[in-house]
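This is what each chain is made of:
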Amino acid sequence: MNLFDVYPINPINIVKGMGSLVYDDKGTEYLDLYGGHAVISIGHTNPHYVKRLEDQLHKIGFYSNSIEIPLQKQLAEKLGKISGKEDYQLFLCNSGAEANENALKLASFYNGKKKVIAFRKSFHGRTSLAVAVTDNPKIVAPVNETHNVIFLPWADETALEKTFAEHEISSVIIEGIQGVGGIQVAPVSFLQKIRSLCDGHNAVYIADSVQCGYGRTGKFFSHDFAEINADIYSMAKGMGNGFPIGGIIISPKIQATYGMLGTTFGGNHLACAAGLAVLEVMEQDNLIQNAADLGSYLIEELKKFNKITEVRGRGLMIGIELPAELSNVKKDLLFKHQIFTGEAKPNVVRLLPALNLTKTYADRFLEALDKTLASS
Ligand code: PMP
């Protein structure tokens, strides 16, 4: 049987990882500034994480959602404390798409309305509703088409106001910083505008925090920069440091009642152990502060490179936009300097490293980039 081609594949077989470093089957060391697309939040094979998962696996890995699982409560409590959203409810699932799917559905259950506002260049996932609010027609099959989604230009307050005036809006779904869309930071005033329009029209503010959440930006949610509370936050990626876990947290304003949401695997014992281990390490090692500090350092240093068109982002979610003719940079970083980064269109190098990246590794990257740009 052949494998289905999902992504363009680099001919590298990573067999081991430790912190911000990974190793291939030939023993070559790579610096990982991609974290498997913002998934690795506390570093590869973090000892506390490994031990907690191992211990849990020896006890029980999975039973069923029809029993009480105290680990779920512990995860909710810890997440509430660290995120500051203590009065929210947590629903656990398995991925970012599933989290958004449930967020959109719950919003519609709540206010009985159908129309959703999403934004140009957004990415929210590949399941039916999630793909319908994603701005990429190539990944929307005819069966996924919904006429309930209105796409608006990014950060356009006038378009937003007009749409609210003309339609019955159920929810607005927005990434605090667009990830796949090329690291576009939502202006604080725009997020505040969404908040006030949602309040005025009984609409639900859904903060897709799958990529930009979980401490990556130097605050728990990037929407916190706007000092607003979203009605629903969706999360996944960094939540499990590689173990599949996603979730939404739901503000007390929205009554999610029994039976509206559900899943077989969501909130299983192992996933909760992974989720708890991530938050424990994050708290113990002050990783949100580290993301803020190292992110500021990297962004300031990157702004000094004159060949870079623009540096965007917050904390350890950084986009480096380069002129079109420098299309080799990401490949050179990988094959000449052994550094994994991400990419986005048009020519953006994306940095999404583990939140415990150190200055030594940040400097290793800056040096390699300097050499790459000098020879480009
Ligand atoms: N939302 C955002 C902002 C994302 O970046 C992604 C994944 N790239 C998703 C949702 C979907 O997450 P998953 O792949 O876990 O379904």
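Residues numbered from 1 in each chain as written. Predicted model: local features only at pLDDT ≥ 70, side-chain atom pairs only at ≥ 80, totals over all residues.

Per an unreviewed UniProt entry, the protein chain is named Aminotransferase class III-fold pyridoxal phosphate-dependent enzyme, and its organism is Mucilaginibacter segetis. According to the UniProt record, the Cofactor (unreviewed entry) comment for the protein chain reads "pyridoxal 5'-phosphate". Under the heading Sequence similarities (unreviewed entry), UniProt records this for the protein chain: "Belongs to the class-III pyridoxal-phosphate-dependent aminotransferase family." (UniProt positions renumbered as here; feature names shortened; annotations may be inferred.)

1. Brief notes about the packing of helix H3 (residues 70-83) against helix H8 (residues 269-284)
Packed helix pairs are characterised by how far apart their axes lie and by the angle those axes make with each other. Where H3 contacts H8, the axes come no closer than 9 Å and their chain directions differ by 30°. What the angle tells us is that H3 and H8 run roughly parallel. When you trace H3 past H8, the crossing you get is left-handed. Of the residues in H8, those touching H3 at Leu-71, Gln-72, Gln-74, Leu-75, Lys-78, Leu-79 and Ile-82 are His-269, Cys-272, Ala-273, Gly-275, Leu-276, Leu-279, Met-282 and Glu-283. Partitioning the contact of H3 with H8 into residue classes produces nine nonpolar, four polar and two charged. (Axes fitted to C-alpha atoms, helices over the stretch in contact; angles between N-to-C directions. Helix = DSSP H or I, 4+ residues; strand = E, 2+ residues; numbered from the N terminus. Parallel < 35°, antiparallel > 145°, perpendicular 65-115°, else oblique. Left-handed = near helix turned anticlockwise from the far one by under 90°. Contact = placed C-beta atoms within 7 Å. Nonpolar A, V, L, I, M, F, W, Y, C, P; charged D, E, K, R; others polar.)

2. Comments concerning the site of the ligand
Lining the immediate environment of the ligand, one finds 15 residues, of which Ser-95, Gly-96, Ala-97, Gly-125 and Val-210 sit closest. Looking at the shell around the ligand, the element that brings in the most residues is helix H4 (residues 96-111), giving three residues. Grouping the constituent residues of the shell around the ligand by class yields five nonpolar, eight polar and two charged. (Near = placed C-beta within 6 Å.)

3. Topic: the sheet that holds strand E17 (residues 348-351)
In space, the four strands of this open sheet follow the order E13-E14-E17-E16, with antiparallel pairing throughout. The open sheet is flanked by strand E13 (310-314) and strand E16 (342-344), the only strands paired with a single partner. Ignoring strand direction, the axes of neighbouring strands in this sheet form an average angle of 25°. Looking at chain direction, E13 and strand E14 (residues 317-321) are connected through five bridges and run antiparallel. Residue pairing in the sheet places Glu-310 in a bridge with Glu-321 of E14. (Pairing = 2+ DSSP bridges.)

4. Describing the sheet that holds strand E5 (residues 115-119)
Spatially, the seven strands line up as an open sheet ordered E4-E12-E11-E10-E7-E5-E6, and their pairing is mixed. Whereas interior strands pair on both sides, the edge strands pair on one side only; in this sheet they are strand E4 (89-93) and strand E6 (149-152). Averaged over all pairs of adjacent strands, the angle between their axes in this sheet comes to 20°, without regard to strand direction. Its contacts with the sheet place helix H6 (residues 157-166) against E5, E6 and strand E7 (169-175), and it is angled at close to 160° to E6.

5. Some points on the environment of Leu-316
By the element assignment, Leu-316 lies in the loop between E13 and E14. According to the C-beta neighbour criterion, Leu-316 is buried, with 30 such atoms within 10 Å. The residues touching Leu-316, leaving out its near neighbours within four places in the chain, are Arg-216, Ala-291, Leu-294, Gly-295, Leu-351, Leu-352, Pro-353, Leu-355 and Leu-357. (Buried ≥ 20, exposed ≤ 12 C-beta atoms within 10 Å, placed from the backbone.)

6. Considering H3
Look at H3: 20 Å from first C-alpha to last across 14 residues, which is about the 20 Å you get at 1.5 Å a residue. On its buried face, H3 is in contact with E4 and H8. Once H3 ends, the next one or two residues include Gly-84, with phi positive near 80°. (Expected span 1.5 Å × (residues − 1).)

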